Amino acid sequence: MTHKQRWAAISALIYVVFVVAAIMIGFLDPSKIGLEWTIFWYFVVAALCYYFYFKNVTYREIVYYAKELGLHKADLEALVPNRKETQDVPDPDHPDFFSPFAKVPINVVNVLSDKLIPLAKEQGISLYK
């Protein structure tokens, strides 16, 4: 199972647990909150699960390419010079299992991904799977 498949499975499992909990407990019962709000919350949680998947896969991708290229946290910080003080970059030497949602924002992850993938292709590094 590839990393992408693993994160997709984890995200799908989180969504299934949410749906089962919503049905069993009844906190999204259309007769209580209305059909529109029920549908809205199912879509919101589905979008959050997709965001969880995308962010973790991209975070892992950055860590993979940084390790293969021999880059460290300071090198990655230099690749994103216009970030806020509260924004962090992934640490390839000490990666988190889950990408930190607040400390490493999606725009930083996207910038790093856009810069590291071409560098990896130039170096002949195999694609992240």
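In the block above lies the structure referred to throughout.
The rules behind the values
- Residue positions are counted from 1 within each chain, in the order its sequence is given.
- In view of the model being predicted, local features appear only for residues whose pLDDT reaches at least 70, and side-chain atom pairs are presented and counted only at 80 or more, with totals across whole chains, interfaces and linings using the full set of residues.
- With hydrogens and water excluded, all non-hydrogen atoms of the structure serve as input to the side-chain values.
- In this description a helix means any DSSP run of H or I spanning at least four residues, a strand means any run of E spanning at least two, and both kinds are numbered starting from the N terminus.
- Categorising residues by exposure relies on relative accessible area from a 1.4 Å probe, with only protein chains included: less than 20% of the type maximum marks a residue as buried, more than 50% marks it as exposed, and the intermediate range marks it as partly exposed.
- Should a side-chain nitrogen of Lys or Arg be within 4 Å of a carboxyl oxygen of Asp or Glu, the pair is scored as a salt bridge.
- By convention a nonpolar core is built from buried Ala, Val, Leu, Ile, Met, Phe, Trp, Tyr and Cys residues, the set being connected through side-chain atoms within 4.5 Å.
- The contact criterion used is simple: two residues touch if any of their non-hydrogen atoms lie within 4.5 Å.

S.K.: I'd like to hear about the environment of Ala120, residue by residue, with values.
M.R.: If you trace the backbone, Ala120 turns up in helix H5 (residues 106-123). Ala120 gets classed as buried once you look at its relative accessible area, which sits at 1%. Residues Ala120 and Tyr65 lie 55 residues apart in sequence; the distance between their C-alpha atoms is 6.6 Å.

S.K.: Give a description of the pattern of salt bridges that names residues and reports values.
M.R.: If you walk through the whole model with that rule in mind, you get two salt bridges. Here Asp88 ties to Lys73 by a salt bridge, and the two come within 3.1 Å at their closest N and O atoms. Of this pair, Asp88 sits in the loop between helix H4 (73-79) and H5 while Lys73 is found in helix H4, placing the two residues 15 residues apart along the sequence. Look at Lys73 and you get partly exposed, because its relative accessible area is 25%. We note a salt bridge from Arg83 to Glu77, for which the minimum N-O separation is 3.7 Å.

S.K.: Quick one: what's the story with the nonpolar core, residue by residue and with numbers?
M.R.: In terms of nonpolar packing, the biggest core is built from 20 residues, with Ile62, Tyr65, Leu76, Leu112 and Leu116 touching the most fellow members. Contributions of two or more residues to this core are made by helix H3 (35-69) and H5. In terms of residue count, the dominant contributor to this core is H3 (seven residues). For Ile62, the contacting residues outside a window of four places in its chain are Leu76, Pro90, Val109, Leu112, Ser113 and Leu116. Core analysis: the second largest hydrophobic core is formed by six residues, Phe18, Ala22, Leu28 and Cys49 among them.

Read these as spatial facts, not as claims about activity.
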